[in-house]
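Understanding the architecture of this molecule
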Amino acid sequence: MTELEIQNLTNKLEDKGFTEYAVTSINSRVEQVRFSQNSVDLTNLWNEANFHVFVAIGKKIASTFLKDLGEMDNTIDKLWKSANSSPENRSFSGINPEKQKYAYNVNHRAVQHDLNEFSQAAIQSALENGAERVAGTAYNIFEKVRTSTKYNKCEYTTGGIELNIRSFRGGFSGQEGIHWGLQSNVTKSDFERMGFESAETARVTERKESIEPGKYTVIMSPYVIGNIISSCAESLSYYSVETGMSSFGDQIGHKVAAEGVNLVDDPLDSTGDGFRACDDEATATKRNHIITNGQLNTFFHSYSTAVSSGSRTTGNAGIISPMPWQLKLLPGRTKLSDMISGMKNGLLIENCWYTRFQDYRNGIFSTVPRDGVFLVQNGAIKGDLSGIRISDSFRNILSNIEEISSETKNAKWWQEVSSTNMPYVKVKNVNISRAF
C-alpha cells in the first residue's frame, strides 16, 4: 500500500467525522520452508497487504481489518454505525497527541539468504550429531509498516529470520527456536549450530528416571523462562491492573522479584525480530526498564492507561490493552556449566509448552516440560524425566530466582514464546506435579 492510499483513507475518516483514528498498514513478504523426516517437504511464499483501522467518536470506539481497498467506503460506513451504536468506553482518553520524533534508523533491508539451503544445513548438522529424525520450520519475514493518526506518522521496516528445529533419537528429543532481526548477521553456520544443539539435547542421556511430585530447584532454559514470561507478561499491562487481572496492581516501587532480576522491553534492538519503531497509536517506542534489581518500575502503558494512572505512555499501545514488544531478562554472571555442576539434586528443563492458567489474578499456571527434561544429581545429569508438570505462580518464579546465566538466546517459538532474549535461570522451590 502506498502512502497516497493511506492518506486517502485517513482523509475519508476525517471527512466522516471521527474524532480520532489510528491506521496501520502492513505490507509483508513471508517465505516459509518446512521440513520433516530429514528433508524439506514444503515451501511457501506469501505477499500480503493489510490495514488495521481504529476509530473513535468521543469515547465510542470501533476497529476492523481491511484487505480490499475497493471496500474502503463500505468499511468506513460500517465503522461509523458500529462506533455510534457502542456504549462509551470510559477508559479511552484519545490517541497520543504529542508530536513524536523517530530518530532511529528504521528502514532496514530484508535479509537475503537461501532459506532452503540453510534449512538443509541445519538438518544435516543434526543428523551428523546423532539425530535419527529431524523436523521443523524456517521463516524469512519482511514487513513495511506505516501508522498514521491525526497527530503523527510513523514508518519502519521489521522482520527477520526464525528457525524452529526438533531432533529425535530413540525416545528422546531436543528443540531449538531462535529469531534473528534485520540487522543481525545470520549465516548458514548459525543454522548448523541450532541443528547440532537440538540433536545434542536428544543424545545427552538414554537413561530414564522418575521423581515424586514436590518442590525442586530447577534450571530453566531460555525457552522455559521465555515461555513463562511471555505467557505472564500481560499481567504487567496496566489494562490487566484496571480489569483486576493482575497481581502487580499496587506493587510499583516494591520488590516483585529476586535481587538481580532485571526485565526490560527493548523494541529498538533490531538484532531481534521484535523490532518496531512505534506503537499502535504512533508513539515512538523506547527501551523500558520494567523490573530493576527485583523492583517493579512501571507497567506497559498506552496513552489512555497512562492518563488513567497519572503516568506517561511507555510506547506499548495496543490502544485498548498495552503489551510488550521484545522482552529481555538481562544476563547474570554465572555460566550454565557452573549452575549444573553446583546442583546437588534438581532438574534441568530445556523446553515446555501448553502453558495454561488456573488463576489469572494471582498468576497461577501450569506448563508441560518436554524436549530435554533432566534429573541432575551431584552436578551430573542422571537421566531423562517425563510426565511432569510445572505448577506454580509467576510471582513465585520471579521471587525464587537464585542465579542467572551469562549466556542468552534470542528465544521464539510459535504461540509459546514471543520474541525475547533470555538467559538460563536457576529457580528454587519450583512446584513439580504429575502431568499424567
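Scroll up for the structure.
A brief look at the structure comes next. Nothing here was measured: the structure is a model prediction, and the numbers come from that model.

Attention now goes to the pattern of salt bridges. Enumeration over the complete set of coordinates arrives at 24 salt bridges. A salt bridge links Glu98 to Arg312; the shortest N-O distance between them is 3.2 Å. Linking Glu98 in the loop between helix 2 (72-85) and helix 3 (115-128) with Arg312 in the loop between helix 7 (303-309) and strand 11 (327-329), this pair joins segments that are 214 residues apart in sequence. In this structure, the salt-bridge partner of Glu197 is Lys409, at a minimum N-O distance of 3.4 Å. Here Lys409 lies in strand 18 (residues 401-409) and Glu197 lies in helix 4 (residues 188-202), a separation of 212 residues in the sequence. Under the relative-accessibility criterion, Lys409 is labelled buried at 14%. Taken together, the salt bridges that share partners define one network made up of Asp266, Asp269, Arg287 and Lys328.

Turning to the side chain of Asn140, a few remarks are in order. Mapped onto the secondary structure, Asn140 falls in strand 4 (residues 133-149). Judged by relative accessible area, which is 5%, Asn140 ranks as buried. Not counting residues within four places of it along the chain, the set of residues in contact with Asn140 comprises Arg29, Val30, Glu31, Val111, Leu115, Gly160 and Ile161.

Okay, the sheet that holds strand 3 (residues 60-66) next. Within a sheet, adjacent strands bond to each other through the backbone by hydrogen bonds, running parallel or antiparallel. Taken in spatial order, the six strands make up an open sheet running 3-2-1-4-5-6, and their pairing is antiparallel. Of all strands in the sheet, those bounded by a partner on one side alone are strand 3 and strand 6 (172-181). Along the sheet, successive strands turn relative to each other by an average axial angle of 15°, direction set aside. With 10 bridges joining them, strand 5 (residues 153-169) and strand 6 adopt antiparallel strand pairing.

Both trends apply: most residues other than glycine have a negative phi, and most peptide bonds are in trans. Despite not being glycine, Gln37 has its phi angle at roughly 50°, a positive value. Residue placement: Gln37 occurs in the loop between strand 1 (20-36) and strand 2 (39-57). For Asn378, which is not glycine, the phi torsion reads 50° and is therefore positive. Locating Asn378 in the fold gives a position in the loop between strand 15 (373-377) and strand 16 (380-384).

Thresholds applied
- Residues numbered from 1 in each chain as written.
- Predicted model: local features only at pLDDT ≥ 70, side-chain atom pairs only at ≥ 80, totals over all residues.
- Heavy atoms only, no water.
- Salt bridge = Lys/Arg side-chain N within 4 Å of Asp/Glu carboxyl O.
- Helix = DSSP H or I, 4+ residues; strand = E, 2+ residues; numbered from the N terminus.
- Buried < 20%, exposed > 50% of the residue type's maximum accessible area, 1.4 Å probe, protein only.
- Contact = heavy atoms within 4.5 Å.
- Pairing = 2+ DSSP bridges.
- Axes fitted to C-alpha atoms, helices over the stretch in contact; angles between N-to-C directions.

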